[in-house]
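# Coordinate inspection notes
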Amino acid sequence: MSLPQGDVKLLETPLAQRLLAASLVARLAYSSTDGTPRLIPVNFLWTGDELVVGAFAGTYKIRDLSARPDVAVCIDTADGLPEVLMLRGKVTLTEVAGVLPEYATIQRAGMGDEMGNAYLAAIDQPGLRMVRIGLRPSWVGVVDFQERFPARTPQPVRAALGGGQ
């Protein structure tokens, strides 16, 4: 039986696990304190039950998320038939002194150890404060036109995008 959109068990699907483990940029959507929407690209780390983003303390993003913690996140591919993971929920914010450990992991994964370590050493100055933005999704959506919704994609589109004859 197919899980409905919104079911957090969708996190266990192969597509969700692949997107959460990939070196992709996620898009984080939230509301500013003035009520207008924001959408920003973020690097992330999936811990197995929480999506973690690192940020510098004192930024507009932290101010806005403190006031309005409801967010939506999209992680997707752009080549071939779209594969999309959508998450929603409330974030928790935890301020720490120095470099956030998850942020260090994210930077090394993206830059490589040598460049990542050099970058981290450059920012790890006295007084540095970072914020751990954690999302335990309360709603999950998966868009997968090959496995989950193949009938919704017209055959000529699938063929043109390499998804079958």
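Scope of this entry: the structure provided in the associated data block. (Residues numbered from 1 in each chain as written. Predicted model: local features only at pLDDT ≥ 70, side-chain atom pairs only at ≥ 80, totals over all residues. Heavy atoms only, no water.)

## Looking at the layout of surface pockets
- A volume near 300 Å³ is recorded for the largest pocket.
- Surrounding the largest pocket, 16 residues form its lining, Ala22, Ser23, Phe44, Ile106 and Ala109 being those nearest its centre.
- Elements that contribute at least two residues to the lining of the largest pocket include exactly α1 (14-21), β3 (45-46) and α3 (101-111).
- At six residues, the largest contribution of residues to the lining of the largest pocket is made by α3.
- Looking at the lining of the largest pocket residue by residue, the classes come out as eleven nonpolar, five polar and no charged. (1 Å grid on protein atoms, 1.4 Å probe; cavity = no way out; pocket = protein on both sides within 12 Å on 5 of 7 lines; lining within 4 Å. Points joined across faces, edges and corners; volume = space filled by probe spheres on them. Helix = DSSP H or I, 4+ residues; strand = E, 2+ residues; numbered from the N terminus. Nonpolar A, V, L, I, M, F, W, Y, C, P; charged D, E, K, R; others polar.)

## A short note on the pairing of strand β1 (residues 26-31)
- Taking every second residue as pointing to the same face, the buried face of β1 carries Ala26, Leu28 and Tyr30, while none of Arg27, Ala29 and Ser31 on the other face is buried.
- The antiparallel hairpin formed by β1 and strand β2 (residues 37-42) contains five residues in its connecting segment, where glycine 35 sits at a positive phi of about 90°.
- Direction of pairing for β1 relative to strand β5 (residues 70-76): antiparallel, over a ladder of three bridges. Note that in β5 the partner of leucine 28 across the bridge is valine 73. (Buried < 20%, exposed > 50% of the residue type's maximum accessible area, 1.4 Å probe, protein only. Pairing = 2+ DSSP bridges.)

## Some remarks on the environment of glycine 35
- Looking at the secondary structure, you find glycine 35 in the loop between β1 and β2.
- The partly exposed category is assigned to glycine 35, whose relative accessible area is 39%.
- Between the alpha carbons of glycine 35 and aspartate 64 there is a distance of 9.4 Å; along the sequence they are 29 residues apart.

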